[in-house]
Amino acid sequence: MASKPELTAIRSFADHEVITPPNKLQGAVARAVDGDDPVARAEAALAQLSSEFTDWMHDECEQLDRARLNVKQNGLGALPRDALFRAAHDIKGQAATLGFPLVAEVAGSLCHLIEESHDPKRIPLDLIDQHVDAVRAIIREHDRPHAEATAARLTGTLRQVCEDFLARQEPKDAGR
């Protein structure tokens, strides 16, 4: 026996509409015979862990900072550069899940800079410092009033500086 399809709900207001699509995933979640809800259990576990998210981000920040110091001491050769990229990439992948989406954007900007630079050894150390310091500051200040707006402006500026730097470089194929 086929169930009837759910319809999309549309509620109209004076200046907008709210469209609620059918929830097709609700039926896909298996429930145990005893009424156990695995989704609710997972959400409760995540809520319990959320108090540790900031500590985890601080740990990731320390790893990024160590990678930056390694680059300053040893230059942007392959190994230090790869360690810096990995640390930034880890933050980029985890930050939004841990409640720091703007940190993910800054870390993503640093990854982009490293990946797209035609000669990574010429990346200004100040630009790397600015990215790492921005990650640290956004995490440190995330609970303060207006922190999100300030972080968004900072993120936008860093992205623009990176794009300007990358645009001034010679193409990767130049000189071949």
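One can find the structure itself at the top, above this paragraph.
What this report covers is the structure whose coordinates are included nearby.

About the thresholds
Throughout, a residue's number is its position along its own chain's written sequence, starting from 1. Per-residue local features of the predicted model are confined to residues with pLDDT of at least 70, and side-chain atom pairs are confined, for both listing and counting, to 80 or more; whole-chain, interface and lining totals are unaffected and use all residues. In computing side-chain properties, one takes all heavy atoms of the structure into account and sets aside hydrogens as well as water. Here a helix means four or more residues in a row that DSSP labels H or I, a strand means two or more in a row labelled E, and each is numbered from the N terminus. Here the term buried applies to any residue with accessible area under 20% of the maximum for its type, exposed to any over 50%, and partly exposed to those in between, with areas from a 1.4 Å probe on protein chains only. What makes two residues a contact is simply this: any of their non-hydrogen atoms within 4.5 Å. Throughout this description, the term nonpolar core refers to a set of buried Ala, Val, Leu, Ile, Met, Phe, Trp, Tyr and Cys residues connected via side-chain atoms within 4.5 Å. Expected helix span is computed as 1.5 Å times (number of residues minus one). Cavities and pockets were defined on a 1 Å grid built from protein atoms only: a cavity is a group of points that admits a 1.4 Å probe but offers it no way out, a pocket is an open group of points flanked by protein on both sides within 12 Å along at least five of seven lines, and a lining residue is one with an atom within 4 Å of any such point. Grid points are joined across faces, edges and corners, and a volume is the space filled by probe spheres set on the points. Gly falls in the polar group here, along with every residue not listed as nonpolar (Ala, Val, Leu, Ile, Met, Phe, Trp, Tyr, Cys, Pro) or charged (Asp, Glu, Lys, Arg).

A look at the overall build of the protein chain
The number of helices and strands found in the protein chain is six helices and two strands. For the protein chain, with 176 residues in total, the buried portion stands at 30%. Restricting the contact set of the protein chain to residue pairs at least 6 apart, pairs at least 24 apart contribute 63%.

What to know about the nonpolar core
A general tendency of soluble globular proteins is for nonpolar side chains to be buried together. L64, V103 and L110 are the most contacted members of the largest nonpolar core, which totals 37 residues. Where this core is concerned, the elements lending two or more residues are helix 2 (53-74), helix 3 (78-94), helix 4 (101-116), helix 5 (125-141) and helix 6 (147-168).

Digging into helix 4
Taking 1.5 Å as the rise per residue, helix 4 with 16 residues should run 22 Å; its terminal C-alpha atoms sit 22 Å apart, in good agreement. Within the span of helix 4, buried status applies to L102, V103, A104, V106, A107, G108, S109, L110, C111, L113 and I114. Here the buried face of helix 4 lies against helix 2, helix 3, helix 5 and helix 6.

A few points about the layout of surface pockets
A volume near 240 Å³ is recorded for the largest pocket. By residue number, the principal contributor to the lining of the largest pocket is helix 6, which donates five residues. Taken together, the residues of the lining of the largest pocket break down into eight nonpolar, three polar and two charged.

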